[in-house]
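Structural features, examined
The lines below spell out each chain.
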Amino acid sequence: MLESLLIGMARHRIVTLTIAVLAFAGLAWFLPTLSVNDSPERWFPDSTIRAWERYAEHYEYGDSVIIGVQFFRPVQDDDLETMRSLRNELLQIDGVRSVTDASLIAEVIEDTTLTKLVAVPEPGEPDPYQMYRGSLFDDPSVWRTEDSSDDGRTLLMVVEMVDEFDVETQKSQLDDQRRAVSAGIYEAMQHAEQSSEDITIHAAGPIIIQFELEKVARRIAYTLLPPAVLLALLTLGFGFRSWAAVVTAVIGGGWAVGMMLAGVAAQGWTLNVLTVDGPVLMAVVVITTTVHFAHYHSVPSHSHDVLPDAHERASLDTAQHVSREQRRHFIHWVAVPCLGAAITTGFGFLMLTFNELTPARELGVELFFGSILAFLGAYCVWLALPTFRAYPGVILSAAKLEHMERFVTGSPWKTSSVLCVLLLGLAWASSWVRLDADPFSFFPETSRTAIALNHFSERKFGHYLLDVVLEPHGLPSDPEARAKEERRLRDLALKFERKIAGRPEVRKTISTAAMQEKIDAWDRLGGKALADGEYREWAAHLGRSAVFRRIFNNWLVDRADSGAMRVTFMSHDAGEGFRPLMSAAREAVPDESFEAFYSGTAASVAVLSEQLLGGITKSLLVAMLAMATVCVALFRSFRLTAIAFLPNAFPVLVVFGVMGICDIPLNCGSAMVTTIALGVGLNDTVHFVMHYLGRREEGADVDTALVGTFGEIGRPIVLTSVVNCAGFGILYLSDFLPMSHFGLLSAVAMVAALVGDLVLLPNLLRLFDGARLQSSQQVS
């Protein structure tokens, strides 16, 4: 079927090329609308989106930034001016609604000095400012050790943005505002650091992460993707000393990448730090396809009576000089295996759609169609200019490759046994792979974002949040009955909060019920002062209560007015303890009174970590089934399909084994390597088996077929592996750690796939396909 399709495209070459040009021109209109967007909402797993939506019905979500002012000495009362100056500059940023910090609490709410507010109480003494300790300023009694010489302090500022956009209908305006606020915050931080020599300022939060990830995506696009493609093209050029081959890859790749990106824009999707790598992955697929095209034009075919030799083919200048029989021969021996390999590679990429992350699913869909577009791009260029000069290899000559085949398959049982034992060892090492439970582990330790997050963790600030919203099943309409029921529900919420607050993972809690208790206490004191005629004291309590309500509005006011209460559990370290915290919170909720839902960035990543391994297993099984179906259609043999799949388990196990040995965690980047290892690895396997099958169908025995296949297809398999290593491996230089892991592990997977295709696969064919031949001979 594939061969008939490609022959039809070649027969109607003008129509095919016209459709390709018109399709590109039609979709190119969407390219200017393509943008980079890493907004926090895009990184929520599917299973947490509904909880986030329910959360947003009641409370504002996510658009806040935590700024830490680190003093390298004890805090003084004069530092109030430093904090006030920074706060005022932050409030001048368009889009900032409020800034809350310790100096504001000291001046306006508690009417005390800054040093008294942040002072550590003596053991056994009451702590009137316990609510703010650990959330607006650090607590040295928690983080400072006995031998520590660090007497500095860190005071926090909570910057909240204006909530005036509808996230669904005006998402672009909201993200533009987030970027503007992030840039303004960085500028204000720089001014403050320049004005004082003994402070350093740190910033973290979802919109800061978004801002940094978008910068990383642009750096990848501008600094890493071009060299990756260039290295792959240079490998192609040096491998065949052919400018025509490079031009074929450039034009075909440009068409395919343009079509893919235009399709992304037409779909209304955006690029992000994951999907920005899609173009280089597609370009590599185009280049590997061109390697096979160039190899065909560099050596005489085994059907010498059909095609002229390499020099005669190189002398042909135009499409009309290629006969129908010659074109059909090329399609059968090169184009069909390349298209089959592109389809199997696409199914490998498609298993990313089983991921819980929207960016990963989008990348899977893009690369599925992109793999097929990559082949079509190279094929259409070949239709336009089907012949070019490409030179045979010297290092990878057919004679040397045939000698290599005899060497690697000399002891098939011994070689296969050694590799199978190695596979078992790697499978054991893969059990050491750990899930990455830290939502902000994407950045290298030297980056500004990582330094800020590490500092907040060291100071035991609880910036990993588990937000639990308790929504009553229903409240009475009668005001008196409703107030009584609200009081009962508040007591239940406090009981739930205190039960979970005692867990070791919890650094601090902030809740509607606890804050309302504090406001009630102020109201009682104010009522007593009013009854005693102390009007000034009554006004002071009233003012404190009003400012407190405004500052902590996001915990006190349920926008849906359904009586919901918010409890925020704060942890200074995500680690492996965050998932048990979520489980404990689920079990402790009084279900008969509340419906509870759980949200927060750390909570979303914990859910993702829980499902990541199961998602990989499921997607691998489904992808292998789909790819096996394609292989059965191509090979027309269940036996060959089964033999071909074992070598492709080799790079997958190698990847997981290396992750376990090198302590590379399983995250959104490293998980994608299984897709690359399976999809791209099977690409060369398809070429090898189809050429081997063709020789067997011509009557060759196993030994002759393997020797001939090595000499015929060994060179492009080696060169495509080098192209893949060059194209993917350079991503190791990325400062986005999941992408760096992806680059390193992809290069490892390509080497492992090469060993699987040129060592394990021929030995398995010699053992099991040869056994079948001997059996059939004995029967005859």
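Residues numbered from 1 in each chain as written. Predicted model: local features only at pLDDT ≥ 70, side-chain atom pairs only at ≥ 80, totals over all residues. Heavy atoms only, no water.

Moving on, we get to the sheet that holds strand β1 (residues 64-71). In spatial order, the strands read β2-β3-β1-β4; together these four strands make up an open sheet with antiparallel pairing. Strands with a single pairing partner mark the edges of an open sheet, and in this sheet they are β2 (96-101) and β4 (199-204). This sheet shows a mean twist of 20° between the axes of neighbouring strands, independent of strand direction. Pairing between β1 and strand β3 (residues 153-161): eight bridges, direction antiparallel. From the neighbouring strand, G68 faces β3, where its bridge partner is L156. Packing of helix α4 (residues 79-91) onto the sheet brings it into contact with β1, β2, β3 and β4, and relative to β2 it is tilted by some 165°. Sheet contacts for helix α17 (residues 448-458): β1, β3 and β4; angle to β4, the most-contacted strand, approximately 100°. (Pairing = 2+ DSSP bridges. Helix = DSSP H or I, 4+ residues; strand = E, 2+ residues; numbered from the N terminus. Axes fitted to C-alpha atoms, helices over the stretch in contact; angles between N-to-C directions. Contact = heavy atoms within 4.5 Å.)

What follows deals with helix α24 (residues 638-662). With 25 residues, α24 should cover 36 Å at 1.5 Å per step; its first-to-last C-alpha distance of 37 Å lies within 8% of that length. You can read the cap of α24 off the contacts: a side-chain oxygen lies 3.3 Å from the backbone nitrogen of R639, and it is on S637. D663 sits one or two positions beyond α24 and adopts a positive phi of about 55°. (Expected span 1.5 Å × (residues − 1). Polar contact = N/O pair within 3.5 Å; in protein donor to acceptor, adjacent residues only side chain to side chain.)

The full count for this structure, using the stated rule, is 16 aromatic pairs. With a centroid separation of 6.1 Å and an interplanar angle of 55°, the aromatic rings of Y55 and Y59 are classed as tilted. Grouping residues by exposure puts Y55 and Y59 together as buried. The interplanar angle of 65° and the centroid separation of 6.3 Å between the aromatic rings of F728 and F742 together place this pair among those described as edge-to-face. In this pair, F728 sits in helix α26 (residues 702-729) while F742 sits in helix α27 (residues 737-779), placing the two residues 14 residues apart along the sequence. Take F728: its relative accessible area is 1%, and that puts it in the buried class. Judged by its relative accessible area of 1%, F742 is buried. Ring pairing ties together the aromatic residues F293, Y296, F330, F375, Y379 and W382, which thus form one cluster. Between R459 and the ring centre of W143, over which it is positioned, the NZ or CZ distance is 3.8 Å. Above the face of the Y598 ring, R586 is positioned so that its terminal group lies 5.5 Å from the ring centre. (Phe/Tyr/Trp six-rings, centres within 6.5 Å; stacked < 30°, edge-to-face > 60°. Buried < 20%, exposed > 50% of the residue type's maximum accessible area, 1.4 Å probe, protein only. Lys NZ or Arg CZ within 6 Å of the ring centre and 35° of its normal.)

What is expected of a backbone is that most residues other than glycine have negative phi and most peptide bonds are trans. A positive phi angle, near 65°, is found at K460, a position not held by glycine. Inspection of the secondary structure assignment puts K460 in the loop between α17 and β5 (464-472).

Axis separation between helix α18 (residues 479-501) and helix α22 (residues 578-588) bottoms out at 10 Å; the angle between their running directions is 150°. Judged on the interaxial angle alone, α22 and α18 are roughly antiparallel. Considering the relative orientation of α18 and α22, their crossing is right-handed. Contacts from F496, K499 and I500 in α18 reach L581, A584, A585 and A588 in α22. For the contact of α18 with α22, the residue count by class is six nonpolar, no polar and one charged. (Parallel < 35°, antiparallel > 145°, perpendicular 65-115°, else oblique. Left-handed = near helix turned anticlockwise from the far one by under 90°. Nonpolar A, V, L, I, M, F, W, Y, C, P; charged D, E, K, R; others polar.)

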